[in-house]
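Listed below, chain by chain, are the residues.
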Amino acid sequence: MRWLSNRVAFLGVLALVVATVMSLISPYFLSLNNLLGMTQFGAVIALVGMGQSLVILGGGGGFDLSIGSVLSMAAVTIGLLAKAGVNVWLAALLGVIAAGLMGAINGLLVTRIGIPPFIGTLGTMYTWAAIPLIITKGIPLSGFPEAFGFLGQGSILGIPAQVVLFTIPLFILLQYAMTRTVFGRSVYLVGVNSEAAQLAGINVKRVRLSLYIISGVLAGFGAVIMSSWLLSARPDVGNGYEFQALTVAVLGGFNIFGGEGTLPGVMMSALIVTMIASGLQLANVNTIWQLAALGFILLGAVIINQAISARNQKRFGIKV
Amino acid sequence: MLRNIPRPGRRELLAFVLLVVEIIFFSFMTDNFATLNNAWNILRNATDLAIISIGMTLVIISGGMDISAGAALGLVALVVGRGLEAGLPTPVLVLIALGMGALLGTINGLIITYGRIADIIATLGTNNILRAAIFALLGGRWITGLPGTFNGLVLGKIWGIPVPVFLILAAYAIFLYITTFRRFGQSIYAVGNNSEAAKLAGINFRLTKIGAYAVMGLLTGVAALVYLGRMGSVEITVGLDIGLRSVAAVVIGGTAITGGRGSLVGTLIGVLFIDVMKNGLVMLGVPSIWDRALVGLLIVLSVTADRYFEVQTARARLKGRAASRHHGPQTPSVAAEGR
């Protein structure tokens, strides 16, 4: 069991296993084209996965079910603004800000009013999912200028633009914030023991609130990428992302009770989830089975996490 | 142990007042709302939600949450629908529905208790798996034109009163009895209130929790039969919204989302509130997609209201304690951090 504890190494091995299996199923899997195309899908999953992970990391049952709906809402915001004649880049920025505000609403519901996160974000999940459909009557908003498509369709040095421009910089930024700043360390402390954090002078509520805002903003970037990629704002574009985000976070080693997990783990697990989705697609397996596969991965990953904490508890006599 | 009988309290009364206000509102706003026919219509459409919400109430009181209820209903309805097509005898179909429902619920309970996984995560996982199974078994084709074997559950009348009324009343009566007077029902409250204390009091935590999910599953099976009787077809979207709606019904009815407190009386009021709203909005000509947004909003509002009352009560209690100059060693914290 010990090797399971080094999460990133474990995920690396798992990624190799998945890659091997997938290349046996389909000879195209390991082609450069497929590998690069895959990262195109994985970019948004990694972003929302990081958002979900950070919210979970903050503890207190933190949890964001509304990520996918926020993504849809932000996409439709961008689409409406662009349609109203606002410069598309400005519209994209405003979409990200709107997503941040929606994250703030979640955060305020949880920290100020004291609603349990899963139920608060379940409510906002359905509210934000319905409003884009109401506004657009279910019809995608098109009419973005071609140049906007670069973010989601273009590539830089052969690597998809969304990976180079969004996923990797944001990952580096967040990883820096989590490991090298006071804020990052206080997030871990809040997640491990919120009372100790409070006594240490950390504003627990504000830390958690900012995590929800970060989650919203990341979903907003996801919306920019998706709108650019599809060159239209689909009102249901975010459907299912909350679940992928959760799976990625849990597989990445984030204990659902908070305080545990690292962002490199999230990137690795986003890679694994993307490989499985892409491999199944190449093998002509119906996309719906990806949903089932995610379900099994999620349950398996949580069971592994629980086994690790149980082992640590026994070994070190600490409750993790 | 049997002394902890949940009496309909302030919170249920509030829900009831809201329901009455809602009914008066729609009666004034539309012409066809306040008719006996429409009332029966609302009840007919509410039957599956009412039944599944009993299970949801038990699960939530036990400190849990079942996201997969809608998908489970869908899968059971699908399998029974296939059985109907194959011409299986009715008793066999009923057994399949109940057995399969209970099995799916028990699996959830087992994963949660033995896998030590948070309820919402476990049921999110099984929800996806069940949805995939529905999709795979339907294969993009709807099941339509089913024989009306179960139509009687919804469309039938006894003494001029629709069968759903009896069905709902009987189900609520049975489970109100169980939650109030039976050991199992009381254990559910105890486990949801404080699982550690419940364990120390000799209550089998795992068994109680699994039991709550098994009952949830069983009732999902019943609701699936009602669904078939009501719709006569199974589509890919089967049961997509009923899970959320039942969560909404439960919290509108005043059951604490954190477990340990709540009642079926409140849930029934919540169910009626939601289905009256759906019906009334259709009569007002509001697009049905609004219904979803409002249900989401209602969940947030109800839980917010609950928190408000909780804090108020706790404050009043603290004040009373200070006034009577009783200095206990520690005052209970108003908002215990969930961890």
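Computed from a predicted model, the values in this text were never measured in an experiment.

Trainee: Whenever I open this one, the overall build of chain A confuses me. Can you help?
Mentor: Counting secondary structure elements, chain A contains 14 helices and 4 strands. Its C-alpha radius of gyration of 19 Å places chain A within 12% of the 20 Å reference for a compact globule of 320 residues. For the C-alpha atoms alone, the extent of chain A along its principal axes is close to 60 × 50 × 35 Å. Evaluated residue by residue, chain A yields a buried proportion of 55% over its 320 residues. Across chain A, every contact between residues at least 6 apart in sequence was considered, and the portion connecting residues at least 24 apart equals 78%.

Trainee: Explanation requested: the overall build of chain B in the structure shown.
Mentor: Secondary structure summary: chain B contains 13 helices and 2 strands in total. Expressed along its principal axes, the backbone C-alpha trace of chain B runs to roughly 70 × 50 × 35 Å. Out of the 339 residues belonging to chain B, those deemed buried represent 49%.

Trainee: What should I look at first to understand unusual backbone geometry in this one?
Mentor: As a rule of thumb, non-glycine residues mostly have phi less than zero, and peptide bonds are mostly trans rather than cis. The phi dihedral of Leu 231 of chain A is positive, around 50°, even though this residue is not glycine. By secondary structure assignment, the location of Leu 231 of chain A is in the loop between helix 11 (204-230) and strand 4 (232-233).

Trainee: Looking at this structure, how should I read the packing of helix 2 (residues 36-61) of chain B against helix 10 (residues 205-231) of chain B?
Mentor: Packed helices, taken two at a time, are described by the angle between their axes plus the distance between the axes. All names here are of chain B. In contact at an axis separation of 8 Å, helix 2 and helix 10 are set at 175° when each is read in the N-to-C sense. The pairing of helix 2 with helix 10 is recorded here as roughly antiparallel in orientation. Of the residues in helix 10, those touching helix 2 at Arg 44, Thr 47, Asp 48, Ile 51, Ile 52, Ile 54, Gly 55, Met 56, Leu 58 and Val 59 are Ala 212, Tyr 213, Val 215, Met 216, Leu 219, Thr 220, Val 222, Ala 223, Val 226, Tyr 227 and Arg 230. In the contact of helix 2 with helix 10, the residues fall into 15 nonpolar, 3 polar and 3 charged.

Trainee: Before we go on, may I ask you to explain the interface of chain A and chain B in this structure?
Mentor: Buried accessible area, meaning the area lost when the parts come together, often serves as the stated size of an interface. In this complex, chain A contributes 39 residues to the contact, which on the side of chain B involves 38 residues. Every element with two or more residues in the side of chain A that touches chain B is listed here: helix 5 (88-113), helix 6 (117-136), helix 10 (194-199), helix 12 (241-251) and helix 14 (287-316) of chain A. In terms of residue count, the dominant contributor to the side of chain A that touches chain B is helix 6 of chain A (13 residues). Partitioning the side of chain A that touches chain B into residue classes produces 27 nonpolar, 11 polar and 1 charged.

Trainee: I'm lost on helix 9 (residues 182-192) of chain A in this one. Help?
Mentor: Spacing of three or four residues puts side chains on the same side of an α-helix, whose turn is 3.6 residues. Residues and elements named next belong to chain A. Of all the positions in helix 9, only Val 187, Tyr 188, Val 190 and Gly 191 are classed as buried. Taken down its axis, helix 9 places every buried residue within 165° of arc, on the same side. Lining the buried residues of helix 9 we find helix 3 (32-57), helix 8 (161-180), helix 10 and helix 11.

Trainee: What is the right way to read the environment of Gly 152 of chain A from this model?
Mentor: Residues and elements named next belong to chain A. Among the structural elements, Gly 152 can be located in helix 7 (residues 150-153). We classify Gly 152 as buried; it has 22 C-beta atoms within 10 Å. Taking C-alpha positions, Gly 152 is 45 Å from Gln 313, a pair spaced 161 residues apart along the chain. The contact partners of Gly 152, leaving out residues within four places of it in the chain, are Gln 162, Ile 225, Met 226, Ser 228 and Trp 229.

Trainee: What is the right way to look at helix 4 (residues 67-83) of chain A in this model?
Mentor: A rise of 1.5 Å per residue sets the reference length of helix 4 of chain A, with its 17 residues, at 24 Å; its end C-alpha atoms lie 24 Å apart and thus fit the reference within 8%. Gly 85 of chain A, located one to two residues past helix 4 of chain A, shows a positive phi value of around 100°.

Reading guide: rules and limits
Residues numbered from 1 in each chain as written. Chains lettered and ligands numbered in written order. Predicted model: local features only at pLDDT ≥ 70, side-chain atom pairs only at ≥ 80, totals over all residues. Helix = DSSP H or I, 4+ residues; strand = E, 2+ residues; numbered from the N terminus. Rg over C-alpha atoms; globule rule 2.2 N^0.38 Å. Buried ≥ 20, exposed ≤ 12 C-beta atoms within 10 Å, placed from the backbone. Contact = placed C-beta atoms within 7 Å. Axes fitted to C-alpha atoms, helices over the stretch in contact; angles between N-to-C directions. Parallel < 35°, antiparallel > 145°, perpendicular 65-115°, else oblique. Nonpolar A, V, L, I, M, F, W, Y, C, P; charged D, E, K, R; others polar. Arc of directions from axis to C-beta. Expected span 1.5 Å × (residues − 1).

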